[in-house]
Amino acid sequence: MNISKHNEGSTLTMEISGRLDTTTAPELEKEIGASCEGTEKLILDLKKLEYVSSAGLRVFLSTHKKMSKQGSMVIRNANPDIMEIFDVTGFSDILNLE
Amino acid sequence: MSELLIKADTANLSDVIGFIDGILEENDCHMKAQMQIDIAVEEMFVNVANYAYTPDEGDVLITCNVENGSAVITLTDSGTPYDPLKKPDPDITLSAEERQVGGLGIFMVKKSMDSVAYEYKDGKNIFTMTKKIGM
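Let me sum up the structure you'll find in this document. Computed from a prediction, not measured in an experiment: that's the story for all the values here.

Some points on the overall build of chain A
Thinking step 1. What chain A contains, in helices and strands, is 4 helices and 6 strands.
Thinking step 2. Mapped from its N terminus to its C terminus, chain A presents α and β elements in the order β-β-α-β-β-α-β-α-α-β.
Thinking step 3. Its C-alpha radius of gyration of 12 Å places chain A within 12% of the 13 Å reference for a compact globule of 98 residues.
Thinking step 4. Taking the principal axes of the C-alpha coordinates as reference, chain A spans close to 30 × 25 × 20 Å.
Thinking step 5. Looking at chain A residue by residue over its 98 residues, the buried ones come to 40%.
Thinking step 6. Partitioning the contacts of chain A with sequence separation of at least 6, the portion at a separation of at least 24 is 71%.

Pasting the structure below:
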């Protein structure tokens, strides 16, 4: 997994690429925790994300809850296979997907 | 018969996935099916690693074979008897605030595999799943 960040005012975009699994999800959680102070809009760009297991979904949900208190979180560009995971788990209904 | 005997430790996840991917790629597995199988194997392996032997350590035997166009995968451990299929499904209609962070792994496995089965035999937990690997 790789994360690249782009900050513009109070909007933070994080591009997550590769595999988000049990091993890498804690790194993402830590990176989000360290980067989101003062962020009002967090955009997670999943264009290059190939894989997400429940460990990754947990990070998306906990971050969504956290960001709801200080602004919002948006998920962009998930590929069709990952969209299907969001659909099956009901995450499509609770996350802001673009 | 391809098998891997490995310590039930999440640090071994990439070796487990590498073993499964090697077999799936030899058999021209469709990419989407491969991702779904990898996720299912990850969820079940991590479950065993986190709960089966706690606080001790132990091994998992993983087998993966392709029969009649389907991958047949088993995970066998000698830890605490536990039927993961008995875990109630999460309520996926709840709002984000009400949703619990967790409990999704086995649910994803049940939804993405063609069949799943659990058996406790000779002191061992045996979990079997199958998935068609073609288009």
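Observations concerning the sheet that holds strand E2 (residues 59-67) of chain B
Residues and elements named next belong to chain B.
Thinking step 1. Ordered by their spatial adjacency, 5 strands build an open sheet running E1-E2-E3-E5-E4, and the pairing between neighbours is antiparallel. The open sheet has two edge strands with one neighbour each: strand E1 (2-7) and strand E4 (115-121). Adjacent strand axes in the sheet meet at a mean angle of 15° when their direction is disregarded.

Regarding the interface of chain B and chain A
Thinking step 1. With 22 residues of chain B at the contact, the number on the chain A side is 17 residues.
Thinking step 2. Those elements that place two or more of their residues in the side of chain B that touches chain A are helix H1 (13-26), helix H2 (31-52) and helix H3 (105-112) of chain B.
Thinking step 3. Considering every element that reaches the side of chain B that touches chain A, the biggest residue donor is H2 of chain B, with 7 residues.
Thinking step 4. Here the residues of the side of chain B that touches chain A are counted per class, giving 9 nonpolar, 6 polar and 7 charged.

Comments concerning unusual backbone geometry
Residues and elements named next belong to chain B.
Thinking step 1. Note the cis peptide between Thr54 and Pro55, where omega equals 0°.
Thinking step 2. With respect to the element layout, Pro55 can be found in the loop between H2 and E2.
Thinking step 3. Positive phi values are uncommon outside glycine, yet Asn68 reaches one of about 50°.
Thinking step 4. Position of Asn68 among the secondary structure elements: in the loop between E2 and strand E3 (70-77).

Observations concerning helix H2 (residues 54-70) of chain A
Thinking step 1. An ideal rise of 1.5 Å per residue puts 24 Å on 17 residues; H2 of chain A measures up with 25 Å between its terminal C-alpha atoms.
Thinking step 2. All buried positions along H2 of chain A are accounted for by Ser54, Ala55, Gly56, Leu57, Val59, Phe60, Leu61, Thr63, His64 and Met67 of chain A.

The rules behind each value
Residues numbered from 1 in each chain as written. Chains lettered and ligands numbered in written order. Predicted model: local features only at pLDDT ≥ 70, side-chain atom pairs only at ≥ 80, totals over all residues. Helix = DSSP H or I, 4+ residues; strand = E, 2+ residues; numbered from the N terminus. Rg over C-alpha atoms; globule rule 2.2 N^0.38 Å. Buried ≥ 20, exposed ≤ 12 C-beta atoms within 10 Å, placed from the backbone. Contact = placed C-beta atoms within 7 Å. Pairing = 2+ DSSP bridges. Axes fitted to C-alpha atoms, helices over the stretch in contact; angles between N-to-C directions. Nonpolar A, V, L, I, M, F, W, Y, C, P; charged D, E, K, R; others polar. Expected span 1.5 Å × (residues − 1).

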